[in-house]
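Residue-level structural notes
If you want the building blocks of each chain, they are given just below.
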Amino acid sequence: MSWLASEARLSEDGATASARHAPGQREGQTISSGAGAGRRFYLDLHSHSTDASDDAGGTVEGYLKWIVARRKRGYVVDGFVLTEHRQFDPAVSYDALAEQYEVVVLRGAELETEVGHVLVYGISEEFSRRFDLSSVRLPSEEIFRVARETGGFAVGAHAGRASIGLAEHVAGGYNVEGVVEAVETLNGGSSDAENALALELAQEHGLGCVGGSDAHYVSAIGRCLTAFAHPIASIEDLVAELASGDYYPITIEETREAGSA
Ligand SMILES: [Zn+2]
Ligand SMILES: [Zn+2]
């Protein structure tokens, strides 16, 4: 994990976890001002914050400040998706902060199934009604299928990690055909070997590959990203891009090379 080598920590100004808005407001309407037509759109699809994940130390504003600092050094990070553990509160919005920092901030969830963790984007009221999101043993086949049926998209998280990733379960007989469309093959919390195992799984079964930092702390945000074909300003945009199949995982180091070309 050489590219994950530790960097100087940006001081975390934990001052604000207060950018919560009234229900009904749409989220993520800010597009990065740097998003030109000719390049890919880089989104970190997996992150946790102090607002809703008790194992996280990073605040949303801390993540935003870190991304702004990364951009000044030539890296290209358009935004991130908060995927807090086992929950989704539709009333939470980070629109004001997102606009202030010109970083896209979207929200999904990381749920737990019998075959490991699953990232879900586009969680509808119906989806929330059908499942107890706090369960640690949700039925994976239904999670993947109902996510799609209700306008969302589900991705197998850190697929190469033992027990909480899909690869081990597939090796044990779990059938992904017709169930799983994409897995996270570049996860910032996984080892190189675990990410390689995830990639092997994806290649063997023709699955889409996404990247996410799995940040729990500020300096980890944006380290692993997914490169999309079009700008993404809302969770609906993200679901459409994931459904298109036109995306790939990328490290933050690679965005600098691509961005400075
Ligand atoms: Zn996880
Ligand atoms: Zn996670």
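Placed above this text is the structure.
Below: a short report on this structure.

Conventions adopted
Residues numbered from 1 in each chain as written. Chains lettered and ligands numbered in written order. Predicted model: local features only at pLDDT ≥ 70, side-chain atom pairs only at ≥ 80, totals over all residues. Helix = DSSP H or I, 4+ residues; strand = E, 2+ residues; numbered from the N terminus. Buried ≥ 20, exposed ≤ 12 C-beta atoms within 10 Å, placed from the backbone. Contact = placed C-beta atoms within 7 Å. Pairing = 2+ DSSP bridges. Right-handed = clockwise from strand over helix to strand, strands pointing away. Arc of directions from axis to C-beta. Expected span 1.5 Å × (residues − 1).

**A look at the overall build of the protein chain**
- A tally of regular secondary structure across the protein chain gives eight helices and nine strands.
- Expressed as a percentage of its 261 residues, the buried residues of the protein chain come to 50%.
- For the protein chain, the share of sequence-separated contacts (at least 6 apart) that also reach a separation of at least 24 residues comes to 79%.

**Description of the pairing of strand β7 (residues 208–212)**
- Of all five residues that make up β7, five are buried, and the element is covered over most of its length.
- Burial along β7 is two-sided: the face carrying Gly208, Val210 and Gly212 and the face carrying Cys209 and Gly211 are both buried.
- Judged from the five bridges that link them, strand β6 (residues 182–187) and β7 form a sheet pairing that is parallel. Considered in β7, the bridge of leucine 186 is made with glycine 211.
- Tracing the backbone out of β6, into helix α6 (residues 192–205) and back to the parallel element β7 gives a crossover that is right-handed.

**Thoughts on helix α4 (residues 140–149)**
- Residues of α4 that are buried include every one of Ser140, Ile143, Phe144 and Ala147, and no others. The buried residues of α4 all sit within an arc of 95° when viewed along its axis, so they share a single face.
- Along its buried surface, α4 packs onto β3 (104–113), β4 (116–121), α3 (125–130) and β5 (153–156).
- Within two residues after α4, glycine 151 carries a phi angle of roughly 90°, on the positive side.

**A few points about α6**
- Taking 1.5 Å per residue, 14 residues should reach 20 Å; α6 reaches 20 Å between its end C-alpha atoms and fits that length.
- All buried positions along α6 are accounted for by Asn195, Leu197, Ala198, Leu201 and Ala202. For α6, the angular spread of buried residues about the axis comes to 155°, placing them on one side. Among the exposed residues of α6, those oriented more than 90 degrees off its buried face are Asp192, Ala193, Gln203 and Glu204.

**Observations regarding the pairing of strand β2 (residues 79–85)**
- For β2, the tally of buried residues reaches six of seven residues, placing the bulk of the element in the interior.
- You can see the chain leave strand β1 (residues 41–47), run along helix α1 (residues 60–72) and come back into β2, and the turn it takes is right-handed.
- As judged from the seven bridges shared by β2 and β3, these two strands associate in the parallel manner. Among the inter-strand pairings, histidine 85 is bridged to a residue of β3, identified as glutamate 110.

**Description of the environment of leucine 138**
- Relative to the elements of secondary structure, leucine 138 occurs in the loop between α3 and α4.
- On the neighbour-count criterion, leucine 138 (19 C-beta atoms within 10 Å) is partly exposed.
- Placed 21 residues apart in sequence, leucine 138 and histidine 117 show a C-alpha to C-alpha distance of 9.6 Å.
- Ignoring anything within four residues of it in the chain, the contact list for leucine 138 reads Leu111, Glu112, Thr113, Phe131 and Ile143.

Scope: geometric values only; no functional claims are made or implied.
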